Amino acid sequence: MSNIEEKIDLFQKNCYEIAKTESETIIEKTNLEVNEDINQEIKEYEKEIEKKYNEKIKKLEQKYNTDIFNLNNEARFKLNEKEEELKKEIKRQVTQKILEFTTKEQYYNFLINNINEALKKLEVKPTDDITIYLIENDEKKYKEQIKKQFQYKIETLDNTNIGGSKCVNKTKKKAIDNLLKTIIDEKFKRYIRNKWWRNILCWIW
């Protein structure tokens, strides 16, 4: 082989080596860039997945909170509804017990004490103009007895007041309402406020 051929052959080998080295460098660089792109895509994908997951969790939490709120409102509504039913039933039973009491013999003594209590609170003087109000049923039964005992005018009220009396001092423009309906309503208000239903039952009996 001539000297020129050897140089050409050496040149070709050098070219191959250079080309191989550059090719490997390019491949390595390309792989790095591809890996970086892949990693970046993975990171972006993970972020997107995390974002969607968080949004889904947030929606589920909102739905859960809304459902809990609605359930609480529904339970509160039903509880209030039942409580109102219970209040009405208790008041009905109390009223029925009192009505039964007004038909018994001892009711008359109760009525006299009821009137005396009202007159005492009015601090009646001999010159005062006093009127005693009775429900219609009591007025029919006891008007003459009460008028004879107290010597005051008797007026009539509706039977819806259940019983008891209301005494009015027209001179002093003062009244004491001892009607049983009023007493029941006042005691029932205290029961509602304090939940002391035992007091009402004790009072009835």
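To keep things clear, this report deals only with the structure shown in the data block.

**A few points about helix H2 (residues 106-122)**
Taking 1.5 Å per residue, 17 residues should reach 24 Å; H2 reaches 25 Å between its end C-alpha atoms and fits that length. The first or second residue beyond H2 is Glu123, which carries a positive phi of 50°.

**Thoughts on a nonpolar patch on the surface**
Residues Tyr64, Ile68 and Leu71 make up a contiguous nonpolar surface patch of roughly 310 Å² in combined accessible area. Its place among the elements puts Tyr64 in helix H1 (residues 3-101).

**Section: the packing of aromatic side chains**
Taken as a whole and assessed by the stated rule, the structure comprises five aromatic pairs. Consider the rings of Phe101 and Phe110, whose centres lie 5.5 Å apart with planes at 85°: the pair is edge-to-face. Take Phe101: its relative accessible area is 25%, and that puts it in the partly exposed class. On the numbers, 5.0 Å between centres and 45° between planes, the contact of Tyr108 with Tyr142 is tilted. Within this pair, whereas Tyr108 is found in helix H2, its partner Tyr142 is found in helix H3 (residues 136-150), the two being separated by 34 residues in sequence. For Tyr142, a relative accessible area of 12% corresponds to the buried category. By the ring-pair criterion, three or more aromatic residues cluster together here, those being Phe101, Tyr107, Tyr108, Phe110 and Tyr142.

**Re the pairing of strand E1 (residues 130-135)**
Burial of E1 is extensive: six of the six residues sit out of reach of the surface. Burial of the side chains of E1 extends over both faces: Ile130, Ile132 and Leu134 are buried on one face and Thr131, Tyr133 and Ile135 on the other. As paired strands, E1 and strand E3 (residues 164-169) are joined by five bridges and run antiparallel to one another. Residue pairing in the sheet places Thr131 in a bridge with Val168 of E3. When E1 meets strand E2 (residues 153-157), the two strands line up parallel, connected through five bridges. Bridge pairing in E2 links Leu134 to Thr156.

**Points about the pattern of salt bridges**
This model, assessed by the stated rule, comprises eight salt bridges. Residue Arg92 pairs with Glu89 through a salt bridge whose shortest N-O separation is 2.8 Å. Of this pair, Arg92 and Glu89 both sit in helix H1, three residues apart, which is roughly one turn of the helix. Assessed through its relative accessible area of 31%, Glu89 is described here as partly exposed.

Parameters at a glance
- Residues numbered from 1 in each chain as written.
- Predicted model: local features only at pLDDT ≥ 70, side-chain atom pairs only at ≥ 80, totals over all residues.
- Heavy atoms only, no water.
- Helix = DSSP H or I, 4+ residues; strand = E, 2+ residues; numbered from the N terminus.
- Expected span 1.5 Å × (residues − 1).
- Patch = residues over 30% accessible without salt bridge, like charges linked within 9 Å, V, L, I, M, F, W, Y side chains within 5 Å.
- Areas by Shrake-Rupley, 256 points an atom, 1.4 Å probe, with all protein chains shown as cover.
- Salt bridge = Lys/Arg side-chain N within 4 Å of Asp/Glu carboxyl O.
- Phe/Tyr/Trp six-rings, centres within 6.5 Å; stacked < 30°, edge-to-face > 60°.
- Buried < 20%, exposed > 50% of the residue type's maximum accessible area, 1.4 Å probe, protein only.
- Pairing = 2+ DSSP bridges.

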